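# Architecture at a glance
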Amino acid sequence: MNETQDMAELVVRLRQRLKLTQEQLAARLGVTCPTVNRWENRKSRPSKLALKLIKSTLEQLGAEDLLTQYFPH
């Protein structure tokens, strides 16, 4: 699995855990719905800023499993 696939899986899992649509997650992260769709369909990957927002969201959720899997220290 490459890094883009990993990020696609992370975005899907985050969105499902939050019970949000792509549009709702996009609004939460300050990006467009097509951007989230491209991430999930492995056509692009989140920017460094978007990754920081995703990580922050995971921390707020207390999603240690996803944090350790996708953001190992």
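Residues numbered from 1 in each chain as written. Predicted model: local features only at pLDDT ≥ 70, side-chain atom pairs only at ≥ 80, totals over all residues. Heavy atoms only, no water.

## Comments concerning the overall build of the chain
Assigned secondary structure in the chain consists of five helices and zero strands. Taken from N to C terminus, the helices and strands of the chain fall in the order α-α-α-α-α. Against the 2.2 N^0.38 benchmark of 11 Å for 73 residues, the chain shows a C-alpha radius of gyration of 11 Å, consistent with a compact globule. Counting only C-alpha atoms, the chain reaches 30 × 25 × 20 Å along its principal axes. Among the 73 residues that make up the chain, the fraction classed as buried is 37%. Contacts in the chain between residues at least 24 apart in sequence constitute 55% of all its contacts with a sequence separation of at least 6. (Helix = DSSP H or I, 4+ residues; strand = E, 2+ residues; numbered from the N terminus. Rg over C-alpha atoms; globule rule 2.2 N^0.38 Å. Buried < 20%, exposed > 50% of the residue type's maximum accessible area, 1.4 Å probe, protein only. Contact = heavy atoms within 4.5 Å.)

## Section: the side chain of Thr57
You can see Thr57 is positioned in helix H4 (residues 48–61). If sequence neighbours within four positions are ignored, Thr57 has contacts with Leu14, Leu18, Arg28 and Leu29.

## Focus on the confidence of the model for the chain
Close inspection of predicted coordinates is inappropriate in any region flagged by low pLDDT. Here the chain averages 93 in pLDDT, while 97% of its residues score no lower than 70. Mean pLDDT per element in the chain: helix H1 (residues 3–18) is the minimum at 92, and helix H3 (residues 33–40) is the maximum at 98. (pLDDT = per-residue confidence, 0-100.)

## Looking at helix H2 (residues 22–29)
All buried positions along H2 are accounted for by Gln22, Leu25, Ala26 and Leu29. Here the buried residues of H2 occupy an arc of 105° about the axis, which is enough to place them on one side. Exposed residues pointing more than 90 degrees away from the buried face of H2 are listed as Glu23 and Ala27. (Arc of directions from axis to C-beta.)

## Brief notes about the pattern of salt bridges
Taken as a whole and assessed by the stated rule, the structure comprises three salt bridges. One salt bridge in this structure joins Arg15 and Glu40, with 2.6 Å as the shortest N-O distance. Taken together, the residues Arg15 in helix H1 and Glu40 in helix H3 connect sequence positions 25 residues apart. Take Arg15: its relative accessible area is 16%, and that puts it in the buried class. With relative accessibility at 12%, the residue Glu40 sits in the buried group. (Salt bridge = Lys/Arg side-chain N within 4 Å of Asp/Glu carboxyl O.)

## Overview of the nonpolar core
Judged by nonpolar contacts, the single largest core of 20 residues is most densely connected at Leu10, Leu25, Trp39, Ile54, Leu58 and Phe71. Contributing elements (two or more residues each) for this core: H1, H2, H3, H4 and helix H5 (64–70). By residue number, the principal contributor to this core is H1, which donates five residues. If we ignore the near neighbours within four places in the chain, the residues touching Leu58 are Leu10, Leu14, Ala63, Leu66, Leu67 and Phe71. (Core = buried A, V, L, I, M, F, W, Y, C linked by side-chain atoms within 4.5 Å.)

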